[in-house]
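Now for the letters of each chain:
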Amino acid sequence: MKAIRFEQVSKRFPGAPRPAVDGVSLHVEAGEFVVLLGPSGCGKTTLLKMVNRLYEPSEGRIFIDDTEIRQLKVTTLRQQIGYVIQQIGLFPHMTVAQNIAVVPRMRGWKRDRIAARIDELLTLIELDPAEYRGRYPAQLSGGQQQRVGLARALAADPGVVLMDEPFSAIDAITRASLRDELLRLQRKVRKTILFVTHDVEEALRLADKLAVLRAGRVVQYDPPFHVLTRPADDFVRDLVGAQDMVRHLSLLRVEGAMIGLAGGAGPNGGPTVGRHDDLRHALSLLLRTGAPALTVMEGGLAVGRLTIAGIGGAARGRVEA
Amino acid sequence: MNDLVRAFAYAAARQGELVEALQRHLLLVAVALGIGILVCVPLGIVTSRSRVAAVTFINSFNALRVIPSLAILFLALPYFGPSQTSATIALTILALPPILINTDTAFRKIDPAIREAALGMGMPQREILRRIEFPLALPIIITGIRTAAVEVIASATLAAFIGAGGLGIYITRGFALYDTAILLVGAIPVALLAIVAELGMGSLQHALQPPRS
């Protein structure tokens, strides 16, 4: 594991009205899990991609330990950094084993050592080597693919791992288990991790330290608890506070926010929730299906309707009819 | 049925000529396809990376194809005479567009995330092309070659019109003598060749396709 140091790093893209990254100085200790958090367009991904030189800074310098990254050949630098992206990017024509072997092969590892490493990593991500070694990416679920993506990034034992919204294309349930798995892995293998996300809950759950970005600048760089309890400004407060309402929703029941239906009727084919489900689940169902309302079911009968307005009303403490 | 029997007898009586015509036909096809592949696969990689090159080359190759092959044959005659060269030029022009278009499409269709992953892992550009992009593009390129092959096999019969030989000689002869049996001696092997090319390339493409599930 290695430390990463940003010194007054800026990045201007041609034609953009303002810099994507604007004078960022940040010190990431060796073995630390740092999450870059912010709304889209805040420069978090740009900042990340400057570490493996997919983007070159317009100004400033980046060090890994005490080496300025431009002193290394770019391919050598990248082979020493694990890289996990949102779209996973496994090579579809290679098996799981071949995918994991890419960087070790480029670094000239012996065949035996590569084979042993593949099995070790598959065991680490809890995929049975005998069963999964020879599979192709298309034969894996989304969650399994991203775990293989993670194993591939760890293959040559890099000191630094960069992760660019690695779980955002994965369904909510798998995402939660992947987060737990990542934390378990981090306890085991200890890497310096830079992790980009726009998901506040994910950031709070994973980070040793949170760097909150806005318009290319780091507005706060603190442990999660600190960010929650002592936000640096209104922007940070709003960013992490908006999540409070959502968290609050998981404590409220559908029955308190629905509009009752007299008499009861059969289901009408639209999305349904149970009367005793929590509102957070109901909200995510509404947003996911795009339906105007959910039918509330109890014992096979429709007993009410639930709309976004109803959920909003309940969250504010009153039910709107 | 009677024609088929007579065609078989006609062919059996001229085995030497038939074999030579077949060889000539295959040579015409192979050279045209070979040139098509050597030109269009590299060119397709270039056009997939540049909009200007794509518009220029794909459109001009397509425009060339609009000219009937027979017309090209006769246009080439004054320069190259009634030779294999003239026939090869006409056939190559037919082979170019499907190979170019499919190579271009194949490389464009590669998910940018795959390139980004390869680049981010520190793979050199040359190796990304060789180990990642080319194998992924190959099945679609082969589909293009298959289309070209079937077209060229059929069109190579036209070579006989300018005396460049091939299985077309039986078709022109059959026309001239108004004898369907002789015509079939050319037409049946051409049809069989086209089917073999279609099936062979199809299974090759299938074998090279990364598994989907």
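Below you will find a few notes about this structure. Just so you know, these numbers come straight off a predicted model, no measurement behind them.

## Considering the side chain of A:E181
Here is step 1: For A:E181, the position within the fold is in helix 7 (residues 172-189).
Here is step 2: The residues contacting A:E181, other than those within four sequence positions of it, are A:I125, A:E126 and A:R147.

## As for a nonpolar patch on the surface
Residue and element names in this part refer to chain B.
Here is step 1: Taken together, the side chains of L4, I188, L192, I195 and L199 define a hydrophobic patch exposed on the protein surface, amounting to about 460 Å² of accessible area.
Here is step 2: Of all the elements, helix 9 (residues 180-208) adds the most residues to the nonpolar patch, at four residues.
Here is step 3: Tracing the backbone shows I188 in helix 9.

## Some points on the sheet that holds strand 9 (residues 209-214) of chain A
Across a sheet, strands are paired by hydrogen bonds formed along the backbone, either parallel or antiparallel in direction.
All names here are of chain A.
Here is step 1: The six strands are arranged 6-7-8-3-9-10 in an open sheet whose pairing can be described as mixed. Across the chains shown, the open sheet's two edge strands, defined by having one partner strand only, are strand 6 (81-85) and strand 10 (217-222). Put simply, the sheet's adjacent strands are angled 15° from each other on average, direction ignored.
Here is step 2: Docked against the sheet, helix 6 (residues 142-154) engages strand 6 and strand 7 (160-164), running at close to 165° with respect to strand 6.

## With respect to the environment of A:Q220
Residues and elements named next belong to chain A.
Here is step 1: Tracing the chain through its elements places Q220 in strand 10.
Here is step 2: Classification of Q220 as buried rests on a relative accessible area of 5%.
Here is step 3: Those residues in contact with Q220 that sit more than four places away from it in its chain are L210, A211, V212, H226, V227, R230, P231, A232 and V236.
Here is step 4: Only 3.0 Å separates the side chain of Q220 from the backbone oxygen of R230, close enough to count as a polar contact.

## Details of the interface of chain B and chain A
Here is step 1: Tallying the contact residues gives 20 residues for chain B and 26 residues for chain A.
Here is step 2: Around 2,000 Å² of area is buried between chain B and chain A when both sides are counted, 69% of it from carbon and sulfur atoms.
Here is step 3: Contact with chain A buries area across many residues of chain B, yet B:E116, B:M121 and B:R131 alone supply 33% of it, more than any other trio.
Here is step 4: At the boundary of chain B with chain A, the tally comes to one salt bridge.
Here is step 5: In this structure, B:E116 and A:K49 form a salt bridge, with 3.2 Å as the shortest nitrogen-oxygen distance.
Here is step 6: Those elements that place two or more of their residues in the side of chain B that touches chain A are helix 6 (112-120) and helix 7 (125-155) of chain B.

So, how was this worked out
Each chain carries its own residue numbering, running from 1 in the written order of its sequence. As they are written, the chains are lettered A onward and the ligands numbered 1 onward, keeping that order. At least 70 in pLDDT is required for a residue's local features to be given in this predicted model, at least 80 for side-chain atom pairs to be given and counted, and no such filter applies to totals for whole chains, interfaces and linings, which use all residues. Based on all heavy atoms of the structure, the side-chain values leave hydrogens and waters out of the count. Labels follow the DSSP assignment, with helices taken as runs of H or I lasting at least four residues and strands as runs of E lasting at least two, numbered in each case from the N terminus. Pairs of residues are marked as contacts when any of their non-hydrogen atoms sit within 4.5 Å. Patches here: salt-bridge-free residues with over 30% relative accessible area, like charges joined within 9 Å, nonpolar side chains (Val, Leu, Ile, Met, Phe, Trp, Tyr) joined within 5 Å. Every accessible area reported is derived by Shrake-Rupley at a probe size of 1.4 Å, with residue values counting cover from the shown protein chains alone. The working definition used for a salt bridge is a side-chain nitrogen of Lys or Arg within 4 Å of a carboxyl oxygen of Asp or Glu. Only when DSSP finds a minimum of two bridges between them are two strands counted as paired. Fitting a line to C-alpha atoms yields each axis, with helices limited to the stretch in contact; the angle taken between N-to-C directions then spans 0 to 180 degrees. To sort residues, take the accessible area from a 1.4 Å probe on protein chains only and compare it with the maximum for the residue type: under 20% means buried, over 50% means exposed, and anything in between is partly exposed. Each polar contact in these results corresponds to two N or O atoms within 3.5 Å; when the atoms are within protein, one needs to be able to donate a hydrogen and the other to accept it, and residues that are neighboring in sequence are counted only if both atoms are side-chain atoms. Once two parts are put together, the accessible area they lose, assessed with a 1.4 Å probe and summed over both, is termed the buried area.

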